[in-house]
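Below are the chains, spelled out letter by letter.
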Amino acid sequence: MRGNFTMKSIIYLTLLFLLNAQAFNSNHQQDQCDNLCAIEINEIDMSKFLSGTDEEKKYIAVLFDRTFHEQGVIRLINNNITSELITKAKEFFALDLETKMKYNIDRQNITTSGYKPLGFETVANYKNEKQTASIDSTEAFFTFFKSQSKQLNFPADKLPEHFREIIPEYIFKSRQLIALVHRIVDMALGLDENTLDRNYTNDDALFSLRLTRYLPTEDEHGLAFGEHQDYLGFTLLQNDDVPGLEVNIDGRWFRVDSKPNTLILLGGELIQRWTNNYWISILHRVGAVKQLRFSALFFTGPDVNTVIETLPCEKCLRTSSKYTPVSVSEHLKQKQEATLQKHR
């Protein structure tokens, strides 16, 4: 017994040493960076959390906790998501505008699935503060779907032909991956099992998939997509090899380079509210791009009737709650209305 305890202690201390070394390297990199430069973000191996040893799972949970406390962005490797959807998105966006507009979203009903042409959004105005924020240099295709039944909220044959097979498959795999992320969250925060994911298992939960094409901007110092935080829970982000994603850490902007066969995981505003600011909902944007850039974003949010208040985790409760409890539906309504570009 004593020998086993000693070995576990050595393993645990080794993990802590590695985490401290990662934190030092990140801080050193920031100190050496005078201009916008790339930052190495932490990685977790999802296959090891799914089928690894207890020590490997504990390491992942500790790393996840520290990363979202200090940076708010992490990279997922061995995630079972392929780049096929990005390829199909390129084919769809290459169609002529008249064909794409057959799937146009009703501007008065922004929760419907379909195509958003250039000029539809001003995401940097998501807090309704920047009345002069520029229109985002993007076009997008949105798909909303139900969680429990794993169905789209409209017949699949209403999708463009390019997406009819690949989108349902992508959604299913992404939902499985997010459920696994939620298990890591429970372990990282010392919560009871299924604390987080139980808010995501009925058809009032909010899941959507956004495919985006970022157009080159005339101003090389401009932005293709304005700075913002995501509104809800965790976001899975996949993009092609064209750089563009930038994150704000401690008031400084850094470039996050693409890495094949990986996903970026970001926490939305509800994650920050749930943890009482212990975890960060990172401010991010897409900088000016010199060529077409493509991404797939899988947004997740709890049941619209869920009231968001501080989770019962020790680290989250070290200070008094900083937020008034709010329902997901109320929170989402405020954010979505602010992002729409007003036309007269």
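Residues numbered from 1 in each chain as written. Predicted model: local features only at pLDDT ≥ 70, side-chain atom pairs only at ≥ 80, totals over all residues. Heavy atoms only, no water.

An unreviewed UniProt entry lists the chain under the name Fe2OG dioxygenase domain-containing protein, from Adineta ricciae.

Caption draft 1: Quick peek at the state of the cysteines. According to the stated counting rule, one finds one disulfide in the structure shown. The partner cysteine of Cys313 in its disulfide is Cys316, sulfur to sulfur 1.9 Å. Because the sign of the S-S torsion sets the handedness, a value of about 105° for the bond joining Cys313 and Cys316 places this disulfide among the right-handed ones. Residue class for Cys313 comes out buried when judged on its relative accessible area of 1%. Look at Cys316 and you get buried, because its relative accessible area is 1%. (Disulfide = S-S within 2.5 Å. Buried < 20%, exposed > 50% of the residue type's maximum accessible area, 1.4 Å probe, protein only.)

Caption draft 2: Inspection of the packing of helix H3 (residues 54–70) against helix H6 (residues 166–188) at higher detail. Close contact between H3 and H6 brings their axes to 9 Å; oriented N to C, the two are set at 85°. Judged by the angle between their axes, H3 and H6 are roughly perpendicular. Touching Lys57, Lys58, Ile60, Ala61, Phe64 and Asp65 of H3 are Val181, Ile184, Val185, Met187 and Ala188, all from H6. Residues that form the contact of H3 with H6 fall into these classes: eight nonpolar, no polar and three charged. (Axes fitted to C-alpha atoms, helices over the stretch in contact; angles between N-to-C directions. Helix = DSSP H or I, 4+ residues; strand = E, 2+ residues; numbered from the N terminus. Parallel < 35°, antiparallel > 145°, perpendicular 65-115°, else oblique. Contact = heavy atoms within 4.5 Å. Nonpolar A, V, L, I, M, F, W, Y, C, P; charged D, E, K, R; others polar.)

Caption draft 3: Highlighting H3. Taking 1.5 Å as the rise per residue, H3 with 17 residues should run 24 Å; its terminal C-alpha atoms sit 24 Å apart, in good agreement. For H3, the complete set of buried residues consists of Lys57, Tyr59, Ile60, Ala61, Leu63, Phe64, Asp65, Thr67 and Phe68. Where H3 ends, the next residue or the one after it, Gly72, has phi of about 85°, a positive value. (Expected span 1.5 Å × (residues − 1).)

Caption draft 4: Highlighting the sheet that holds strand S4 (residues 138–145). Spatially, eight strands are ordered S1-S2-S10-S7-S12-S5-S4-S3 in an open sheet, and the strand pairing comes out mixed. Looking at the sheet topology across the chains shown, the edges are occupied by strand S1 (43–45) and strand S3 (114–116). Taken pair by pair, the neighbouring strands of this sheet meet at an average axis angle of 25°, ignoring direction. By the bridge criterion, three bridges tie S3 to S4 in an arrangement that is antiparallel. Paired with Gly114 across the two strands is Phe142, which belongs to S4. Each of S3, S4, strand S5 (206–214), strand S7 (234–239) and strand S12 (293–301) touches helix H4 (residues 84–93); the most contacted strand, S12, lies at about 115° to it. (Pairing = 2+ DSSP bridges.)

Caption draft 5: Local environment of H4. Among the residues of H4, those classed as buried are Leu85, Ile86, Ala89, Phe92 and Phe93. The buried side chains of H4 occupy one side of the element, clustering within an arc of 115° when seen end-on. (Arc of directions from axis to C-beta.)

Caption draft 6: View of the sheet that holds strand S9 (residues 252–255). Across the sheet, four strands lie side by side as S6-S11-S8-S9; this open sheet has antiparallel pairing. The two strands at the open ends of the sheet, each matched to only one other strand, are strand S6 (223–228) and S9. Strand-to-strand twist across the sheet, computed as the mean angle between neighbouring axes with direction ignored, equals 25°. Bridge count for S6 against strand S11 (residues 283–287) is three bridges, and the pairing is antiparallel. Pairing of Leu223 across the sheet is with Gly287, part of S11.

Caption draft 7: Structural context of the pairing of strand S8 (residues 245–249). Across the five residues that make up S8, a large majority, five, are buried. Side chains Leu245, Val247 and Ile249 project from S8 onto one buried face, and the interleaved Glu246 and Asn248 project onto a second face that is buried too. Bridging between S8 and S11 involves four bridges; their strand directions are antiparallel. Bridging across to S11, Leu245 finds its partner in Val286. Here four bridges tie S8 to S9, and the two strands are oriented antiparallel to one another.

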